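# A look at the structure
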Amino acid sequence: MPAYKRILLKLSGEALMGDDAYGINRATIVRMVREIQDVTALGCEVAVVIGGGNIFRGVAGGSVGMDRATADYMGMLATVMNSLALADTMRQEGMTARVMSAIAIEQVVEPYVRPKALQYLEEGKIVVFAAGTGNPFFTTDTAAALRGAEIGAQVVLKATKVDGVYSADPNKDAMATRYSTISFDKVIAMNLQVMDATAFALCRDQKLPIKVFSIFKPGALKRVVMGEDEGTLVHV
């Protein structure tokens, strides 16, 4: 039995690049989708928020000196592209996904409507939330916290390159140890970078736990959902 009935999975756009400099690596996106498929097979309801760094990085040089709001809107459009790629890969793997965008692009994706998103989840469809919160100055981490709270997810799963929260940077300190659980207050006191401050505060206020784990570790997502000692659980 899975430990969680409904999860919000936060993927970075960079996670889709694989070893490429930017864009979407086909083998990488297929592998990620299959990891998600393993979780849905357990009966877990899955919603996804994805970043846009893999696409936006390719145009970031041109955004130097650009108005911050304009650059953020470009980033939101990049997340829509990633969401479409993710949903189409899911379709090819025999899954049903729906992309819901926080900004209106109705010829391409449907708008985010909370009751409809809840209905899709209850029907066993995967819901991919695109375009962040729909507002500039807010990250996709904040979108993940917001949508997680709105849909009543039991946990926000923050997929990263590292397999949890460590006492120090494991790449620089051989003595760094991984926490299996840690409180929100301790993360703040130790100034550990789990999510950006707005997202983190929202999760803490809503008593919505965050699980930090490595998406590059085969089978890690399934182990997290099964409640095994994988990654780090940040809790109240």
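It should be noted that the structure appears before, not after, this text.
Let me sum up the structure you'll find in this document.

Criteria and cut-off values
- Residues numbered from 1 in each chain as written.
- Predicted model: local features only at pLDDT ≥ 70, side-chain atom pairs only at ≥ 80, totals over all residues.
- Heavy atoms only, no water.
- Disulfide = S-S within 2.5 Å.
- Buried < 20%, exposed > 50% of the residue type's maximum accessible area, 1.4 Å probe, protein only.
- Helix = DSSP H or I, 4+ residues; strand = E, 2+ residues; numbered from the N terminus.
- Pairing = 2+ DSSP bridges.
- Contact = heavy atoms within 4.5 Å.
- Axes fitted to C-alpha atoms, helices over the stretch in contact; angles between N-to-C directions.
- Polar contact = N/O pair within 3.5 Å; in protein donor to acceptor, adjacent residues only side chain to side chain.

For the structure on display, the rule yields 0 disulfides. Sulfur of Cys44: no disulfide; nearest cysteine sulfur belongs to Cys203 and is 17 Å away.

Let's shift gears to the pairing of strand S6 (residues 155-160). Each regular strand shows side chains that alternate between the opposite faces of the sheet. Counting buried residues in S6 gives 6 out of 6 residues, a clear majority hidden from the surface. Sheet topology places strand S1 (residues 6-11) next to S6; 4 bridges connect them, and they run parallel. Note that in S6 the partner of Leu9 across the bridge is Leu157. As paired strands, S6 and strand S10 (residues 210-214) are joined by 5 bridges and run parallel to one another. Looking at the pairing, Leu157 lines up with Lys211 of S10.

Moving on: the sheet that holds strand S5 (residues 126-130). Think of a sheet as strands paired side by side through backbone hydrogen bonds, with each pair either parallel or antiparallel. A sheet is described by the order of its strands in space; here 9 strands give the open sequence S4-S3-S5-S2-S1-S6-S10-S11-S9, paired in mixed fashion. Edge positions in the open sheet fall to strand S4 (110-111) and strand S9 (181-183), since each of these has one partner strand only. The sheet contacts of helix H3 (residues 68-92) involve S1, strand S2 (45-50), strand S3 (97-101) and S5, and relative to S5 the element is tilted by about 165°.

By the secondary structure assignment, Thr79 is in helix H3. The contact partners of Thr79, leaving out residues within four places of it in the chain, are Ile50, Gly51, Gly52, Ala130, Ala131, Gly132 and Thr140.

In this section: the environment of Ser214. Structurally, Ser214 can be placed in strand S10. Taking the C-alpha atoms as reference points, Ser214 and Val162, 52 residues apart in sequence, are found 5.1 Å from one another. Ignoring anything within four residues of it in the chain, the contact list for Ser214 reads Thr160, Lys161, Val162, Asp163 and Ala220. Polar side-chain contacts of Ser214 include one of 3.2 Å to the backbone nitrogen of Phe216.

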